Amino acid sequence: MILQEMPITKADGTPGLLAQNKLGVKVQTEFPNLVEHIEKYRNNQVVISALYRDYSFLASAYLLEPCHHEYQRTSRTTYGLARDLLPENIAVPIAKVAELAGFMPFMEYAGSYALANWKRLDPSKPVEYGNLALIRAFENGLDRESSEAGFVLVHVDMVRSSGPLVAGAWNAVEAVERGEEERLEECLREMLEAIQKINACMENMWNKSKPRDYGSFRTFIFGITKQSMFPRGVIYEGVSSSTSPTRQSFRGESGANDSIIPLLDIFLDIPYPHTPLTDILLDFRKYRPGNHREFLEWMHRKQETVGMRKMAMKGRGTAELWLRLADQVREFRWRHWCFTREYVLKESRHPVATGGSPIVNVSFLAPCLLSWFRVWDSCRSHLPMQ
Ligand code: HEM
Ligand SMILES: N[C@@H](CC(=O)c1ccccc1NC=O)C(=O)O
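Residues numbered from 1 in each chain as written. Chains lettered and ligands numbered in written order. Predicted model: local features only at pLDDT ≥ 70, side-chain atom pairs only at ≥ 80, totals over all residues. Heavy atoms only, no water.

As recorded by an unreviewed UniProt entry, the protein chain carries the name Indoleamine 2,3-dioxygenase and is attributed to Ascodesmis nigricans. The protein chain has a UniProt comment under Catalytic activity (unreviewed entry) that states "L-tryptophan + O2 = N-formyl-L-kynurenine". Annotation of the protein chain in UniProt includes, under Function (unreviewed entry), the sentence "Produces N-formyl-kynurenine through the oxidation of tryptophan." (UniProt positions renumbered as here; feature names shortened; annotations may be inferred.)

J.: I'd love a proper account of the coordination of the iron atom of ligand 1, names of residues and values included.
T.: Looking at the protein side alone, the iron atom of ligand 1 has one donor only, His336 (NE2), at 2.0 Å. Considering all six donor atoms around the iron atom of ligand 1, angles at the metal cover 87 to 179 degrees and the coordination shape is octahedral. By the element assignment, His336 lies in helix H16 (residues 316–345). (Donors = N, O, S within 2.8 Å, 3.2 Å for Na, K, Ca; no water. Tetrahedral: all angles 85-135°; square planar, octahedral: opposite > 155°, others 65-115°. Helix = DSSP H or I, 4+ residues; strand = E, 2+ residues; numbered from the N terminus.)

J.: If you had to explain helix H4 (residues 45–73) to someone new, which residues and values would you point to?
T.: Taking 1.5 Å of rise per residue, the 29 residues of H4 would be expected to cover 42 Å, and the 41 Å separating its terminal C-alpha atoms lies within 8% of that figure. Its axis deflected by about 50 degrees at Leu64, H4 carries its strongest bend there, up to four residues before the proline Pro66. Phi turns positive, to about 50 degrees, at Ser75, one or two residues after H4. (Expected span 1.5 Å × (residues − 1). Bend = angle between axes of the 7 residues up to and from the residue.)

J.: Any details on unusual backbone geometry? Residues and values, ideally.
T.: Positive phi is not limited to glycine here, since Asn21 has a value of about 60 degrees. Looking at where Asn21 falls in the secondary structure, it is placed in the loop between helix H1 (2–5) and helix H2 (23–29). Owing to a relative accessible area of 39%, Asn21 belongs among the partly exposed residues under this scheme. Here Arg76, not a glycine, exhibits a phi torsion of approximately 60 degrees, which is positive. Along the polypeptide, Arg76 turns up in the loop between H4 and strand S1 (85–86). You can call Arg76 partly exposed: its relative accessible area is 23%. (Buried < 20%, exposed > 50% of the residue type's maximum accessible area, 1.4 Å probe, protein only.)

J.: Residue-level account of the site of ligand 2, with values.
T.: The local shell around ligand 2 holds 13 residues, among which His155, Tyr214, Arg218, Gly255 and Thr354 are the closest. Note that a nitrogen atom of ligand 2 is positioned 2.8 Å from one of the side-chain N or O atoms of His155. Between ligand 2 and Tyr214 there is a distance of 2.4 Å, counted from an oxygen atom to a side-chain nitrogen or oxygen. Computed on the free molecule, ligand 2 has an accessible area of 400 Å², of which 89% lies beneath the protein chains in the complex. Within the residue set of the shell around ligand 2, elements represented by two or more residues are helix H7 (147–160), helix H11 (211–218) and H16. Taken together, the residues of the shell around ligand 2 break down into six nonpolar, five polar and two charged. (Near = heavy atom within 4 Å. Polar contact = N/O pair within 3.5 Å; in protein donor to acceptor, adjacent residues only side chain to side chain. Areas by Shrake-Rupley, 256 points an atom, 1.4 Å probe, with all protein chains shown as cover. Nonpolar A, V, L, I, M, F, W, Y, C, P; charged D, E, K, R; others polar.)

J.: Requested: an account of the pattern of salt bridges, with residues and values cited.
T.: According to the stated counting rule, one finds 26 salt bridges in the structure shown. Among the salt bridges present, the one from Glu70 reaches Arg73, with a minimum N-O distance of 3.0 Å. One end of the pair, Glu70, and the other, Arg73, are both in helix H4, three residues apart, so they sit about a helical turn from each other. Assessed through its relative accessible area of 22%, Glu70 is described here as partly exposed. Note on Arg73: relative accessible area 62%, which makes it exposed. Counted as one network, the salt bridges with shared partners bring together Glu39, Arg42 and Lys96. (Salt bridge = Lys/Arg side-chain N within 4 Å of Asp/Glu carboxyl O.)

J.: Quick one: what's the story with H7, residue by residue and with numbers?
T.: Counted at 1.5 Å a residue, the expected span for H7 with its 14 residues is 20 Å, and the 20 Å between its end C-alpha atoms agrees. Of all the 14 residues making up H7, 12 are buried; the element is thus mostly covered by neighbouring parts of the structure. Buried within H7 are the following residues: Ser147, Glu148, Ala149, Gly150, Phe151, Val152, Leu153, Val154, His155, Val156, Asp157 and Met158.

J.: Can you lay out the site of ligand 1 for me, pointing to particular residues and giving the numbers?
T.: Lining the immediate surroundings of ligand 1 are 23 residues, of which Ser254, Arg333, His336, Gly355 and Ser357 lie closest. Within the side chain of Ser254, an N or O atom sits 3.1 Å from an oxygen atom of ligand 1. In the environment of ligand 1, an oxygen atom lies 2.5 Å from a nitrogen or oxygen atom belonging to the side chain of Ser357. Looking at the shell around ligand 1, the elements that each hand over two or more residues are H7 and H16. If you tally residues by element for the shell around ligand 1, the top one is H16, at seven residues. Residue composition of the shell around ligand 1, grouped by class: 12 nonpolar, nine polar and two charged.

J.: So what about the side chain of Glu342? Which residues, and what values?
T.: The residue Glu342 is located in helix H16 in this model. The exposure class assigned to Glu342 is buried, which follows from its relative accessible area of 19%. Not counting residues up to four positions away in its chain, the partners in contact with Glu342 are Trp206, Pro211 and Glu347. (Contact = heavy atoms within 4.5 Å.)

Here it is in structure tokens:
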């Protein structure tokens, strides 16, 4: 199968099509258009999700194959130009499965590369880091010790631990609506324990995935929007769209599409200053699964109408927990900033991140700090040292 032949290093350790610069020819000469077979799986969510993931791997590999070779040839200096036409045998089926799955017809963080790309090595054992492996990879990710596998599986491990965060936030809203202060405290504690665990999982990135290796598989996770590799977007052959026959453009995947931090930003009412960067962060919301989007929008409405923060500030225990939750968001963004510095800034001269935001020398820490001071101001009278 083409996806098993595709990676730079295949599962058996030998070079695959991407390593030999042969994926393009294979797609153009041998790969069939299988769109007519998709319809019968329309109501089978598992098959449609798997097809969406697989077609998005094939599309990104096909489009970015020339960039991989240019990046190697120029000793990691420039990516050159990507292919700007996605042939009908990929374009038509990916458009179809994306529509059925509710995603964009381009690789996404949740629907493809990260959250839908893992399996249990032993199906009878639990979902925990040691029992996880990737399903698809671009470089060497089928070796579970590789940096590509580590990069993705650390994200999966973090999200695996996010259940109590979601449950805690949901129940906290209910507790505020009912005026149950003790219950609110329990929920905030549950959320705090969850985000502490998530942050601890995140720290494993340093061991599981090395900054020096990141550039090799990163080439394939770039998007179209704002990238020099795609100066005129991409033609999806045989696909009509509202912009057709003009070229299509999608953001690349990014942890910015993850929902953990946005949930806390919204729940804790962390204000975003209005800057071009925060506008991009809002645009990233379109690239999330529909149910994540709905949940975050619901939480937003609740924050505005129910006012969780106001009630939390009334009690000493709840105010302290609120502050500690905000501190965990700060901790996340600080560690994340260190990742960006070590994996991206020190390793690459390309000025745009995979999602299409400019690489800048500031993290997204500022809004978080602002909120921290605001929360501190409103709850310091409850804290022990006062
Ligand atoms: C080596 C590891 C990582 C690197 C190099 C990295 C890099 C980046 C970059 C460059 C951006 C800018 C957005 C864009 O793509 O255009 C970004 C955004 C983001 N990433 Fe990561 N990231 C890493 C790991 C993670 C992890 C493990 C998470 C957890 C889910 C995460 C969550 C986020 C979030 C939430 C944003 C949006 C910015 C914010 O709200 O602070 N990242 N990342
Ligand atoms: N934006 C990052 C990549 C990135 O963010 C990312 C890509 C795929 C899966 C997870 C990611 N996590 C981190 O934000 C970059 O430019 O390297």
